[in-house]
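# Architecture at a glance
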Amino acid sequence: MLDNKFLWGASTAANQMEGGWNEDGKGTSVVDVLAQTETMRKETDGVLDGYYYSSHNAVDFYHHYKEDIRLLGQMGINAFRMSIAWTRIFPTGMEEEPNEAGLAFYDKVFDELRKYGIEPVVTISHYEPPFALAEKGWADRKMIDYYTKYAKTLFLRYKDKVNYWITFNEINCLIVPFGIMTAGGIFSGIFDEKNTEQLRFAALHNQLIASAKTVAIAKSIRSDFKIGCMIASMLNYPLTCNPKDVLLAQQEEQMKNMFCSDVMIRGKYPSYCKRYFKEHGINIDMAEGDEEILKNGTVDFYAFSYYMSNCIGTDKDAEKSKGNLAGGMKNPYLKESEWGWQIDPDGLRIFMNRVYDRYNIPMMIVENGLGAYDKVEDGKIHDKYRIDYLSAHIDAMKEAIEDGVDVMGYLPWSAIDLMALSTGNIDKRYGFIYVDVDNNGDGSMKRIPKDSYYWYKELISKVA
């Protein structure tokens, strides 16, 4: 069922783990100006005194990468999903020449991974465009050229070290209100009147064009590069069998789950979006040549995140699930995590079957995990709750494979504890490896493998 080419790995993101935010010529990213508050991070006008920015140090992978990769190698994984910090390569995004020190850092990371037989799976843009480009953000078509120059630089530099690339992390998140962060680099603008669907779809169109152009550039450099999209699965069940609930769930799936991948895999805007755009006053500025660009820049594989499912329906009084930023209604048949995220392994199998039936291209799970408070007891972390979650989802993945789904790999979130995207805190931990640091950045940065680390190591050793 699983051959020796299957990628057993783990995932991370630069802005949540690297630190070293201004070292060796790195510029300021949009995440670097997100300061800690009691709740959601707050965007500041640059890096200001009197605020704490957790991305600046994070878990300090920048100085601990050899130790961290050694631990991952000892765990037995053969794949590591990571992102490259755009501002390490082009500090403002507008430079003519890249920053050599930034390129050299990732050379060292890739060489270290190869030393342990670990395949890098690289996300080119993971929620961290340069702050210098944030005023207009992705709604400005100039971003396409800045991004493709950056991507081409990576392909040329690492053509002998990286085989798998992902153009944008969870690109479909631009459709929901918190997508403003990647649309304009404005995290606090989630609740701003400027955060309109029109703005987000304009930004999304430019990202889709940038992705398609990037695929073409990559193939011109190395025809056997494998380029993927990355979709946040927002699986919704109808709350009831009321046909109106079923129709609402179908429409949500079309626009939130399938729209971006339809464009990136089929190479054109789907027919169902025309009515949605008309009814919501969305105008897509399709420039001359855009349709051909989309047609010629389709991806090779479908990467995705999966954490939970929700219900959706017309009953406005139905109990809501806490969930993530996407939200939804409570499913009475499911248990929840400490954060109210509904735990649904069967949903993973359902989602994979739907997607594979639609596209028939290989799939890669690049985020799946359980955020929880982890306690250190006698120098150990007993996270059976995480093992139970991951084990159930791996079983569901195996069932999907038996169903006929072509799965390339399983790379859960996360390899190591990370700073959360929304709050910047670390107390909601996902990693196989514990890091001794708190929400204020205090701690020894000591790495401690959790029980889940040893469980995953044993699982891989049995199936590899």
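Details of the structure are given in the entry above.
Quantities reported herein were computed from a predicted structural model and do not represent experimental measurements.

## Some thoughts on helix α4 (residues 100-115)
Helix length check: α4 (16 residues) gives 23 Å between terminal C-alpha atoms against 22 Å at 1.5 Å per residue, within 8%. Contacts made by the buried residues of α4 are with α2 (61-75), β4 (79-83), α3 (86-89), β5 (119-125) and α5 (142-157). In the stretch just after α4, G117 is the one whose phi turns positive, near 70°.

## Points about unusual backbone geometry
Residue W413 is joined to S414 through a cis peptide bond whose omega torsion reads 10°. Mapped onto the elements of the fold, S414 is located in the loop between β16 (407-410) and β17 (433-435). One non-glycine residue, A58, lies in the positive phi region at around 45°. When you line up the elements, A58 lands in the loop between β3 (42-43) and α2. A positive phi is found at D60, a non-glycine position, where the angle reads about 60°. Tracing the backbone shows D60 in the loop between β3 and α2.

## Some words on the pattern of salt bridges
Under the criterion given, the structure shown has 29 salt bridges. With its nearest N and O atoms 2.7 Å apart, the salt bridge here joins R447 to D68. Of the two residues, R447 is situated in strand β18 (residues 447-449) and D68 in helix α2; the sequence distance between them amounts to 379 residues. Between D107 and K161 there is a salt bridge; the shortest N-O distance is 2.8 Å. In this pair, D107 is assigned in helix α4 and K161 in the loop between α5 and β6 (164-168), connecting sequence segments 54 residues apart. Bridged by salt links that share partners, the residues D374, D383, R386, D417, R429 and K450 form one connected network.

## Looking at the pairing of β6
Within β6, five of the five residues are buried, which leaves the element mostly enclosed by the surrounding structure. As paired elements, β5 and β6 share four bridges and run parallel to each other. Residue T123 lies in a different strand from β6, and its bridge partner there is I166. Considered for its hand, the β-α-β crossover made up of β5, α5 and β6 is right-handed. The pairing of β6 with strand β7 (residues 226-232) spans three bridges and is classified as parallel. From the neighbouring strand, Y164 faces β7, where its bridge partner is K226.

Quick notes on the rules
Residues numbered from 1 in each chain as written. Predicted model: local features only at pLDDT ≥ 70, side-chain atom pairs only at ≥ 80, totals over all residues. Heavy atoms only, no water. Helix = DSSP H or I, 4+ residues; strand = E, 2+ residues; numbered from the N terminus. Expected span 1.5 Å × (residues − 1). Contact = heavy atoms within 4.5 Å. Salt bridge = Lys/Arg side-chain N within 4 Å of Asp/Glu carboxyl O. Buried < 20%, exposed > 50% of the residue type's maximum accessible area, 1.4 Å probe, protein only. Pairing = 2+ DSSP bridges. Right-handed = clockwise from strand over helix to strand, strands pointing away.

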